[in-house]
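Chain by chain, the residues:
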Amino acid sequence: MLGFDFDGVRFPPAAEEARTRIRAFLEAEHAAGRIVPHRGTWSTFDAGFTRRLGEAGFIGVTWPKAYGGQEASSLVRFVITEEMLAAGAPCAAHWVADRQSGPQILKHGTERAKQVILPAICRGECTFGIGMSEPGSGSDLASVRTRATRIDDGWRIDGQKIWTTNAHNVTYLIVLARTGEAGPSRHEGLTQFIVKVDSPGIEVRGIQDMAGNHEFNEVFFDGCFVPDDMMLGEEGSGWDLVTGELAFERSGPDRFLSDFQLFVALVDKVGPTPGRMSAVEIGRMFSELSALRRMSTSIAGMLDEGAQPLVEAAIVKDLGTSFEQALPETARRLVAEEADRETGEVYGEALAETMLRAPCFSLRGGTREILRGMIARGIGLR
Amino acid sequence: MTLDHDQVEIAAIVEDQADRLLRDAITREVLAAADGGVFDAALWQKVSEAGLPLALLGEEAGGIGLAPRQAFRLLRLAGQHALPLPLGETMLFAALSGTSGDAPAGLALSADGVLQRVAFGADVAVVLLAEVGGWRVVPASELQVTSEGRNIAGAPRVTLTATGGTSLLLPGWLARSAGEDPVLALRACGALARAAGMAGAMRRVLAMAVDHAATRVQFGRPLARFQAIQHMLAAAAEESAAASAIVDSAAEAWGQEDFVMRAAVAKSRAGLAAGRVAAIGHQVHAAMGFTQEHDLHFFTRRLLSWRDEFGSDAEWDGWIGQRICTAGGGALWQTLIDATTTVEREARA
């Protein structure tokens, strides 16, 4: 075991074209005052922005044209997403659909699900959330108890999900439910369903996070009906499907660019003639960010070739979220200014928003401990 | 996808042969002897016969002409085996001077005519000297040893003075990349060589620690079964992966005008990783890894030395940070893209 290689990828001309187009789009949005750079870009929900983005052709670009996509390479999508993050655009409304739910439906969904849902995602009209965690099932996902029972023409779902980001805003949730016995591996008997959030038998209750934001929810299912053709993959294939989407979920630039706007504000705050300590710290953060972007683009290339680089993705997420969490700490040492959300001052506000969100970076999408366990297995320790 | 097929194949063969050569040739005894500051001429002959010093030199000039990433991966491999010889310096000298000699070479940076801490300075046949006014190639006959010393890995670091030599033009791409600063240009080249060596030594330390954790039993179970150990080693694997990735990224820019920035970033990131990986390697190996009898120190002492040579991570951080602050926050994003987007060239420059 000698380690991992993250080979370089050549960005195709189409990716650089996409960069030019998305920059122009974002500049126009900005100039018209429709968006202001947000901290926590991909957790800021703005349905209007997502609709305009969809109309302009920036969602679902890798998917087949038959389903509203453009059959572009993953690197085109990579460029679009990173440009939006860097600009601090409010991406939460399409983030999950574009990143993992859409690809999941494309790969494992029925024909009807693909036809109904994918073009609507591309238009920016259809949004997704992920229903995995439960009160008794956080990192230990195999222990989910929400149950799907076979009935005529479909399934009825009973149970409860929690920490379901944007459940109060989205069109659909992809719900992981128990449909059979767990078996000795504990990974059998789980199935994923595409559930319309306005279905009868669903109740959504909001949870305020420590920053005072409402992203999380509890979702209660009481006899909620899901038609047969909204099941993903085979019955009992839920665990494999969930694992399969993790490389998409964990390797992207959203794992190290969430608070890029704070980095920008810090550089401006320090100014063009930094002291030695500021220069050293800023240079070091830039080096860390450079390695992360290199690794993340490399994984985009691997995904493009159909590989499933789960351990590499775990490495990017753990290093990336550690970087994101360290950024406000470093900023504090360089600038003697209090975090403040209310003065409207760019730096102080960016610092405040980032500090208040930072704890969740290494929780959502797989905790640091889960990721390190996966990496340990990847290097032969478990 | 990024290199043409033949090149990948040739590179794989060269790397495989080099791996076997270094594994067989670099015994414990060789490393222990090298700790005394001795230049191992027999080992140099083997490395040189395998053509490794010519990996980065174009075929038209009598070199092997590997893709730069593959050439620097040979330096990573050398680090993985703790090769106690100036392979990186010689490979760079050959490529930068366009000469296909196989005698060991040194690189020196000097502001005042004194050549500080030249690797194997008393043993090299020639030194490439970077000064404010430009580069000079100085043969051993025109070098005087002022004082002999060693770095903390035991490798000779010799202070020299140079009396003559012939001037050498910097390659245009490198001069432009360094803002026409000859010292910065050569320092960046050396920095990437050290970063590649560190990436290799980190891979080795990680492999040793993983092996140790799998076999050492305490409290009735292998160390590998303890979550605390698993998580430490996962962190080391992350650091090692980041170092390898960023070294590749810089190596791919050899011959391009973004080279110096990328080499700076590589030295900075690899240097940061080196300290962390060395520390974790020792923590996992515990007392036995802290002895001369164990091999671990051959690698960790090199990590601790190399991270300070050709500019420490903090020095490069300061250089990078200064440039970023001067350009302002608005330029930060494009600078990051330029420093990390791979553009494979059609042909080697």
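Residues numbered from 1 in each chain as written. Chains lettered and ligands numbered in written order. Predicted model: local features only at pLDDT ≥ 70, side-chain atom pairs only at ≥ 80, totals over all residues.

**Regarding helix α9 (residues 259-285) of chain B**
Residue and element names in this part refer to chain B.
Moving on, step 1. The end-to-end C-alpha distance of α9, which contains 27 residues, comes to 37 Å, matching closely the 39 Å that a straight helix rising 1.5 Å per residue would cover.
Moving on, step 2. In terms of burial, α9 is a largely internal element, 22 of the 27 residues being buried.
Moving on, step 3. Positioned one or two residues after α9, A286 has a phi angle of 55°, which is positive. (Helix = DSSP H or I, 4+ residues; strand = E, 2+ residues; numbered from the N terminus. Expected span 1.5 Å × (residues − 1). Buried ≥ 20, exposed ≤ 12 C-beta atoms within 10 Å, placed from the backbone.)

**Side note on unusual backbone geometry**
Residue and element names in this part refer to chain A.
Moving on, step 1. Non-glycine residue D153 carries a positive phi angle of around 65°.
Moving on, step 2. Mapping D153 onto the fold places it in the loop between β2 (147-151) and β3 (154-162).
Moving on, step 3. Not every positive phi belongs to a glycine, and W163 is a case in point at roughly 60°.
Moving on, step 4. For W163, the location among the structural elements is in the loop between β3 and β4 (172-178).

**Observations regarding the interface of chain A and chain B**
Moving on, step 1. Counting residues at the interface gives 51 residues for chain A, matched by 50 residues for chain B.
Moving on, step 2. Going through the elements one at a time, α7 (260-270), α8 (276-304), α9 (310-334) and α11 (368-378) of chain A are the ones with two or more residues in the side of chain A that touches chain B.
Moving on, step 3. For the side of chain A that touches chain B, a count of residues per class yields 27 nonpolar, eleven polar and 13 charged. (Contact = placed C-beta atoms within 7 Å. Nonpolar A, V, L, I, M, F, W, Y, C, P; charged D, E, K, R; others polar.)

**Focus on the sheet that holds strand β1 (residues 105-109) of chain B**
All names here are of chain B.
Moving on, step 1. Read across the open sheet, the four strands follow the order β1-β3-β4-β7; overall the sheet is mixed. Strands at the two margins of the open sheet, each flanked by one partner only, are β1 and β7 (166-168). The average undirected angle you get between the axes of adjacent strands in this sheet is 30°.
Moving on, step 2. Here strand β3 (residues 126-131) runs beside strand β4 (residues 134-139); their pairing, made up of six bridges, is antiparallel. Directly across from L128, in β4, lies its bridge partner V137.
Moving on, step 3. Of the strands in this sheet, β1, β3, β4 and β7 touch helix α5 (residues 87-97), which is tilted by about 80° from β1.
Moving on, step 4. In the packing of helix α7 (residues 182-215) onto the sheet, contacts are made with β1, β3 and β4, and the angle to β3 comes to roughly 130°. (Pairing = 2+ DSSP bridges. Axes fitted to C-alpha atoms, helices over the stretch in contact; angles between N-to-C directions.)

**Looking at the nonpolar core**
Most often, soluble globular proteins keep nonpolar side chains buried together rather than apart.
Moving on, step 1. F193(A), V127(B), A188(B), L192(B), M202(B), L233(B) and V247(B) are the most contacted members of the largest nonpolar core, which totals 245 residues.
Moving on, step 2. Sorting elements by how many residues they give to this core places α7(B) first, with 19 residues.
Moving on, step 3. Not counting residues within four places of it along the chain, the set of residues in contact with L192(B) comprises F72(B), A250(B), A251(B), A263(B), A266(B) and K267(B). (Core = buried A, V, L, I, M, F, W, Y, C linked by C-beta atoms within 7 Å.)

**Structural notes on the UniProt feature "domain: Acyl-CoA dehydrogenase/oxidase C-terminal" (unreviewed entry) in chain A**
Moving on, step 1. Sequence positions flagged by UniProt for "domain: Acyl-CoA dehydrogenase/oxidase C-terminal" (unreviewed entry) are, in local numbering, residues 281-379 of chain A.
Moving on, step 2. Overall, residues 281-379 of chain A shows 77% helix and 0% strand. The separation of its end C-alpha atoms is 31 Å. (UniProt positions renumbered as here; feature names shortened; annotations may be inferred.)

**Observations concerning the UniProt feature "domain: Acyl-CoA dehydrogenase/oxidase C-terminal" (unreviewed entry) in chain B**
Moving on, step 1. Per the UniProt record, "domain: Acyl-CoA dehydrogenase/oxidase C-terminal" (unreviewed entry) is annotated on residues 192-305 of chain B.
Moving on, step 2. Each end of residues 192-305 of chain B is marked by a C-alpha atom, and these two atoms are 14 Å apart; helix forms 75% of the span and strand 4%.

**So, the domain arrangement of chain A**
Moving on, step 1. Considered domain by domain, chain A is made up of domain 1 (13-126), domain 2 (130-239) and domain 3 (252-378).
Moving on, step 2. When each unit is reduced to the centre of its C-alpha atoms, the spacing between domain 2 of chain A and domain 3 of chain A is 30 Å. (Domains from an automatic or database assignment.)

**Comments concerning the sheet that holds strand β6 (residues 157-162) of chain B**
Residues and elements named next belong to chain B.
Moving on, step 1. An order of β2-β6-β5 is seen for the three strands of this open sheet, with the pairing classed as antiparallel. Where the open sheet ends on each side, the last strands, each with one partner, are β2 (114-119) and β5 (143-147). Sheet twist, expressed as the average angle between the axes of neighbouring strands with direction ignored, equals 40°.
Moving on, step 2. For β5 and β6, the ladder comprises four bridges, and the chain directions are antiparallel. Bridged to S147 within β6 is T159.

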